[in-house]
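Descriptive analysis of the structure
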Amino acid sequence: MKPTPSRAAGLGRLARRNLVGVCGIAVVVALITIAVFAQRLSPFDPNAQVGRRLSPPDSQHVLGLDQLGRDVLSRLIFGARVALLVSMVSIGLSLLAGVGLGLAAGYYGGVADNLIMRVMDLMFTLPSFVLAVALAGLLGPSLTNVIIAIALVTTPTIARITRAPVLAARETEYVASARAAGAGDARIMLRHVLPNIVAPIIVQATVSVADAILIEAGLSFLGLGVQSPLTSWGNMLGTGRNFMELANGLSIFPGAAIMLAVLGFNFAGDGLRDVLDPRLRGV
Amino acid sequence: MKAFLVRRLISTLAAAFALSMLIFLLIRLVPGDAVTMWIGQEGTMTPEVRQTLRKMFGLTDPLPVQYLHWLGDVMRGDLGYSFRSRLPVSLLMGRALPITVELAVLAMVLSVVVAVPLGILSAVRRNTPTDVVARVLGLLGLSVPSFWLAVLMILVSASYFRWLPSLFYVGLFKNPVENLKQMLMPVASLALPLMAVVMRMTRSTMLETLNQDYVRTARAKGVTERLMLWRHALKNALIPIITVVGIQLGRLLGGAVIVEQIFGLPGIGTTLIASIAERDYPMVQGTILMMGLLFIGVQFLVDLCYGYIDPRIRYG
Amino acid sequence: MRENGHEAGKRQGRRRGLTRRQLLKAAGAAGLMNLTGMRAASALAAPAVLIKRGGTLNWAEVNDPISFDPHNRVNASATVMQRMVYQCFTRQNPRTMAVEPALATKWEYTKPTELVWTLRQGVTFHNGRPFTAEDAKWNVDRALDPRTGSPFAVWYEAVEKTEVVNRNVVKMTLKRPDPLLPGKFGAMRVLGFAPGGSDPRSLASNPIGTGPYRLVEWAPNDHVTFTRNERYWERGVPYIDTLNVKFITQEDPRIAGLRAGAIDFSIVSADGARRLAGSPNLKFIKGVHGVFTVIKFHQRFPPFRDRRVRQAMNLSIDRKEIIEKALGGSGVIIGPIVYGWEDYGIAPEQLPYKVDVDQAKKLMAEAGYPGGFEVTVVSLPEGHPAAFYPTVATAAEHWKRIGITVRIQQLELGAWLQRNNTLDYDMLVGNRGFRGDPIDVLQPHYHPKGSDNPLGYSNSQVQRWIEQAAVEPDRLKRRDLYLKIQLKVLEDVPWLLLWAPIENYAMQRSVMGYDQVPFDSFKDLIWTTWLDR
């Protein structure tokens, strides 16, 4: 353990850190609320053409209309739905796969470890976004394919993060004695190993959700992601930027939404990291 | 150490090839093959034409044979010919690769040059307003999508400054000034998010190092603050910084793919997207292989740097 | 009466069926409207005193041409670029689309199945080699050879063999009469003439032709540079010394370049033109482009087999609004033949389209679908420049009023092409390109044996008219047949004809002489464009 600085400074730091985390969690909760109650909150149907294309903001349409006459605010609200759905489902899937694989690799070691980590290394040979582009480009643009692509590129990281503490835990006395007492592998993993890895995984998951939102936005921006009638912020930005100077809002608002969402999860991740495991601070 | 590195190298090379095989298979299972793209809607798909084209593209051989042909060629340095343009893949990539590399390198350099001092400053003036501002900016920078930054930059420069750099891409060595002017905005949009990460990393490492015993000892001995900073702390901070650079390279290349599209730079990213859309199999395979090798190559260099800097790792 | 070709001057005198507007345009060809109204013999007139020669034009194109293989044009950009360096027997007048002599000065059908070309004398290739009948034969043979694998060779499939009669005369024997052949050579989709015996792989990146420009440098996906052909056979043209073509797929950089003066000439979207409207250094032209967008019906979806359903769908869409949403207003409503294509098309004001939702509902009820139905339409993705998605999305909103629910399936280009070419869809939004002669936008769709007739549309009268027109040598008689076909098709609604885009071009004020948007995507007017700098 490191020597702690003076108490006052320490508390001050904690408070400020937690402020960041609290802000983040507030944003996340707000986003989830918006996504869940999108139908109620949205003034218009996001795909309905309600007026003249490229209209500037007015009393009826607070953020203006896009190139097909659709209400921008409504589209932003429904965009939250897609962003959260895609990111959470894909990270959920990669947690399932990644934690499972990481546990197996770390706990059983040997051949299993080698095999699993080699396959994970395979995925690490390409930058994750490039791999996502290749996968989405080849599989075809759709909601399912985006979720699959993101899940695939995130699993290796989760597997790696899981494996290290598992390896460490395996060598501890708890596990040795539990084994000696004849406890089954599953029981050992659940009781002794899993609690150790929960903290880093939760933190990583939050950060990964932020990443997933960015990847989905990037894919949709390129036209390789989610398609209409589903609304995606990336899509809005990608098509909206063709109308610069005619309707600048179309280039500004969707990007701001993306940033806000990513920020929220990153802040929350930072705060969680601090609370759950001070040793992980600063990465 | 050499043995360790050689083993790592081999295993990652093998991984790159396995990846290319995966892409090879995937691209062939997708609807609308190269022949369909070639013919488009204006042409006519009489069976003879189709067959001729398929033969020309080598699509009539069984899949394993096709893969082995390609692999054999690659070993000899021949990446095949693009379906679309019938020009050699290596030639097309030779033109595109330097642009992406330049983009990535410049972004990296820019972000390190700006972020490291900022991180140090932030660490040294810990918990002051400077620090807080820097950290918030850091988190903001982490979250901003580089493609949105790029769009905003174009918006601002086009609307308010009525300026955009020349569009005829000039190589760095042909005309450095023009080239750098062109690269300014793309590099900036990639560098900003990266700066955030590097700054945070630098700050935290510096904080740790500053608290180490030997630093306190040196302080106690009376070595001047600055000297100690630059000599001891920085050197130890190097490792995590290099780590982060290595990791973030992936993000950088990924971001480069979109940013190239936005600015119309004919780099590897644009080439990849275009050839996937056109089902230009040799180009897709070649591009992915190249990107993989490039990425691995840098990771390998990063490992080398570790070994050099920290003897403890060499024998790990 | 057989169609003959003559030297440019006489041809113009025997111009038939051109509107006054087209006449005036042709006269204005060399920028001499003010001096002598009737000066122009062809679009490529001798230089006048006002014209400045020389200079470099920085021209932005959207796509890279991919290849300069003269027998295998891969995309529209290839056609445009290759026309700078290669030529063929005939060419199309860039203003009127009329067929004109190029490397052949005369052509004559000695029999309906025998076409004799007299070649121009004194023409040399870019490398100095003289152009002879042997070269012509080599090129035609290679283009039509199945081993070359050109998907467009089917255009000339009537040609059985080509023989060299003497140094300047080539004889083509046809399998069956095809009076439209000279026009097809003019459209030059399949072939340009390179020196006989050339290596095609080499031609793909180093073209050698007879055209007004020759290729100096090509960096694929970046730029291509052409310089004036000093040996060009046509006196006086081209005026500009160097063409610097930059390939920019995104519109933003093109707009920025135009504004900054880095780009002299480029196509822009309607919205792009609006963004640039305030720039003092730019001027704009616009015109109809011959590619038109349609929504296709397939017979495998039962409601479409009933003409009343199709008519109902036709009556409930507001084409003006579709054009507004999809193209920013920059388009025209079209019939089966786009208006402006010589004198074949029907003017938009005279097309029998109207919006009548009540009548549409009645028809739907009569046909047995009072509650409407659900259908899936295949389209390209939302951001695609072809504007299919906004077209069908707006139409879908209109169809809600008669109870039809449309699900839009967006496929990226490869998958969409697959479905389109194999006719695997219930409904599809697509487009139709420009051809050498209208028969090629009528036969494939309205003839029961047509290659693109997913509805299985079959009408004995229309079929007869099409078959007659295919072998009718008299252009005016063909035109009358085309009119009959169009009117009947507008009644039967085998598919929904929607719009043709109005293309916008932006250029610096110093670019003179390019005052008309070509119907096809050719940029041949560049040859008589000059720079006032």
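Before any of the text, the structure's been laid out above.
Residues numbered from 1 in each chain as written. Chains lettered and ligands numbered in written order. Predicted model: local features only at pLDDT ≥ 70, side-chain atom pairs only at ≥ 80, totals over all residues. Heavy atoms only, no water.

1. What to know about the overall build of chain A
- Along its length, chain A carries 10 helices and 0 strands.
- Overall, chain A shows an N-to-C arrangement of helices and strands of α-α-α-α-α-α-α-α-α-α.
- In terms of principal-axis extent, the alpha carbons of chain A reach across some 75 × 55 × 30 Å.
- A total of 283 residues make up chain A; the buried ones form 55% of that total.
- Put simply, 71% of the contacts in chain A that link residues at least 6 apart link residues at least 24 apart.
- About 11,800 Å² of surface is accessible on chain A, with carbon and sulfur atoms providing 66% of the total.
- Here chain A contributes 22 positive and 15 negative side-chain charges, whose respective centroids are spaced 5 Å apart. (Helix = DSSP H or I, 4+ residues; strand = E, 2+ residues; numbered from the N terminus. Buried < 20%, exposed > 50% of the residue type's maximum accessible area, 1.4 Å probe, protein only. Contact = heavy atoms within 4.5 Å. Areas by Shrake-Rupley, 256 points an atom, 1.4 Å probe, with all protein chains shown as cover. Lys, Arg positive; Asp, Glu negative; His and termini not counted. Charge placed at Lys NZ, Arg CZ, Asp CG, Glu CD.)

2. Here's the deal with the overall build of chain C
- Assigned secondary structure in chain C consists of 17 helices and 20 strands.
- In terms of overall dimensions, chain C is globule-like: its C-alpha atoms have a radius of gyration of 24 Å, near the 24 Å expected for 533 residues.
- Summarising its shape, the C-alpha atoms of chain C cover approximately 70 × 60 × 45 Å along the three principal directions.
- Burial statistics for chain C: of 533 residues in total, 65% are counted as buried.
- In chain C, 69% of the contacts between residues at least 6 apart in sequence involve partners at least 24 apart.
- When the accessible area of chain C is evaluated, it comes to approximately 19,200 Å², of which 50% is carbon and sulfur surface.
- Taken together, the 71 basic and 56 acidic charged side chains of chain C have centroids lying 3 Å from each other. (Rg over C-alpha atoms; globule rule 2.2 N^0.38 Å.)

3. Some points on the interface of chain B and chain A
- Tallying the contact residues gives 49 residues for chain B and 47 residues for chain A.
- Summing both sides of the interface, chain B and chain A together bury roughly 4,300 Å²; the carbon and sulfur share of this comes to 75%.
- Counting across the interface, chain B meets chain A through 2 salt bridges.
- Our count for the contact surface shared by chain B and chain A stands at 4 residue pairs in polar contact (both at pLDDT 80 or more).
- Looking at the side of chain B that touches chain A, the elements that each hand over two or more residues are α1 (2–29), α6 (129–143), α7 (146–161), α8 (176–211), α10 (225–263), α11 (268–277) and α12 (281–309) of chain B. (Buried area = accessible area lost by both parts, 1.4 Å probe. Salt bridge = Lys/Arg side-chain N within 4 Å of Asp/Glu carboxyl O. Polar contact = N/O pair within 3.5 Å; in protein donor to acceptor, adjacent residues only side chain to side chain.)

4. Observations concerning the sheet that holds strand β4 (residues 104–111) of chain C
Residues and elements named next belong to chain C.
- Ordered by their spatial adjacency, 4 strands build an open sheet running β4-β5-β7-β6, and the pairing between neighbours is antiparallel. Of all strands in the sheet, those with a lone pairing partner are β4 and β6 (159–166), marking the two edges. When strand polarity is set aside, the average angle formed by the axes of neighbouring strands in this sheet is 20 degrees.
- Strands in contact with helix α4 (residues 133–144) are β5 (114–119), β6 and β7 (169–174); relative to β6, the strand with the most contacts, it is inclined by about 170 degrees. (Pairing = 2+ DSSP bridges. Axes fitted to C-alpha atoms, helices over the stretch in contact; angles between N-to-C directions.)

5. Quick word on the nonpolar core
- Within the largest apolar cluster, 174 residues are counted, with the highest numbers of intra-cluster contacts made by W233 of chain A together with W59 and F226 of chain C.
- For this core, the leading source of residues is α8 of chain B, giving 15 residues.
- Non-local contacts of W59 of chain C, meaning those with residues more than four positions away in its chain, are made with V80, M81, M84, L243, N244, V245, K246, F265, K523 and I526 of chain C. (Core = buried A, V, L, I, M, F, W, Y, C linked by side-chain atoms within 4.5 Å.)

6. Thoughts on the packing of helix α15 (residues 439–446) of chain C against helix α16 (residues 460–470) of chain C
Residue and element names in this part refer to chain C.
- Relative orientation of the contacting elements α15 and α16 amounts to 145 degrees, with a least axis distance of 10 Å. Here α15 and α16 pass one another in a crossing that is left-handed. For the pair α15 and α16, contact is made by I439, L442, Q443 and Y446 and by V462, I466, A469 and A470, respectively.
- The residue inventory of the contact of α15 with α16, partitioned by class, reads 7 nonpolar, 1 polar and no charged. (Left-handed = near helix turned anticlockwise from the far one by under 90°. Nonpolar A, V, L, I, M, F, W, Y, C, P; charged D, E, K, R; others polar.)

7. A few points about the environment of K286 of chain C
All names here are of chain C.
- Within the secondary structure layout, K286 lies in strand β12 (residues 282–288).
- We classify K286 as exposed; its relative accessible area is 61%.
- Sequence spacing of K286 and F152 is 134 residues, and the spatial spacing of their C-alpha atoms is 29 Å.
- Every residue in contact with K286, bar those within four places of it in the chain, is listed here: I502, E503, N504 and V517.

8. Here's the deal with unusual backbone geometry
- A cis amide bond, omega 5 degrees, links S228 of chain A with the succeeding residue P229 of chain A.
- Relative to the assigned elements, P229 of chain A resides in the loop between α8 (185–221) and α9 (233–240).
- With an omega of -5 degrees, the peptide bond running from V237 of chain C to P238 of chain C counts as cis.
- Relative to the assigned elements, P238 of chain C resides in the loop between β9 (223–228) and β10 (242–247).
- Phi is positive for A387 of chain C, which is not a glycine, with a value near 60 degrees.

9. Observations concerning the pairing of strand β13 (residues 292–297) of chain C
All names here are of chain C.
- Most of β13 is tucked away: 6 of the 6 residues are buried.
- The alternating pattern of β13 places F292, V294 and K296 and T293, I295 and F297 on opposite faces, both of which are buried.
- Sheet analysis places β13 next to strand β17 (residues 427–432), joined by 6 bridges and oriented antiparallel. Note on β17: the bridge partner recorded for I295 is V429.
- Relative to strand β18 (residues 495–508), β13 is paired through 4 bridges, and the arrangement is antiparallel. Residue pairing across strands places K296 opposite W495, the latter belonging to β18.

10. Focus on helix α4 (residues 63–75) of chain B
All names here are of chain B.
- The end-to-end C-alpha separation of α4 is 18 Å, in line with the 18 Å expected for 13 residues at 1.5 Å each.
- Turning to α4, its buried residues number three or more, namely Q66, Y67, W70, L71 and V74. Projected down its long axis, α4 carries its buried residues within an arc of 130 degrees, all on one side. Exposed residues lying more than 90 degrees from the buried face of α4 are P64, L68 and M75.
- G77, located one to two residues past α4, shows a positive phi value of around 90 degrees. (Expected span 1.5 Å × (residues − 1). Arc of directions from axis to C-beta.)

11. Digging into the environment of N63 of chain C
Residues and elements named next belong to chain C.
- Within the secondary structure layout, N63 lies in the loop between β1 (56–61) and α3 (76–85).
- N63 gets classed as partly exposed once you look at its relative accessible area, which sits at 39%.
- C-alpha of N63 to C-alpha of L417: the two residues are 354 residues apart in sequence and 19 Å apart in space.
- Those residues in contact with N63, other than ones at most four positions away along the chain, are N75, S77, F247 and T249.

12. What to know about the packing of aromatic side chains
All names here are of chain C.
- Under the counting rule described, the total for this entry stands at 26 aromatic pairs over all chains.
- Between W117 and F185, the ring centres sit 5.5 Å apart and the planes meet at 85 degrees, which makes this aromatic pair edge-to-face. Of this pair, W117 sits in strand β5 while F185 sits in helix α5 (residues 181–187); the two residues are 68 residues apart in sequence, bridging distant segments of the chain. Comparing W117 with F185, the two get one shared label, buried. (Phe/Tyr/Trp six-rings, centres within 6.5 Å; stacked < 30°, edge-to-face > 60°.)

13. Thoughts on a nonpolar patch on the surface
- Together, V101, V105, V109, L110, V113, V114, L118 and L121 of chain B make up an exposed nonpolar region whose accessible area comes to about 580 Å².
- Considering the arrangement of structural elements, one finds V109 of chain B in helix α5 (residues 89–124). (Patch = residues over 30% accessible without salt bridge, like charges linked within 9 Å, V, L, I, M, F, W, Y side chains within 5 Å.)

14. Description of α3 of chain C
Residue and element names in this part refer to chain C.
- Counting buried positions along α3 yields 9 of 10 residues, so the element is predominantly enclosed.
- Those residues of α3 that fall on the buried side of the exposure criterion are S77, A78, T79, V80, M81, Q82, R83, M84 and V85.
- Buried residues in α3 make contact with β1, β2 (90–92), α5, β8 (213–219), β9 and β10.

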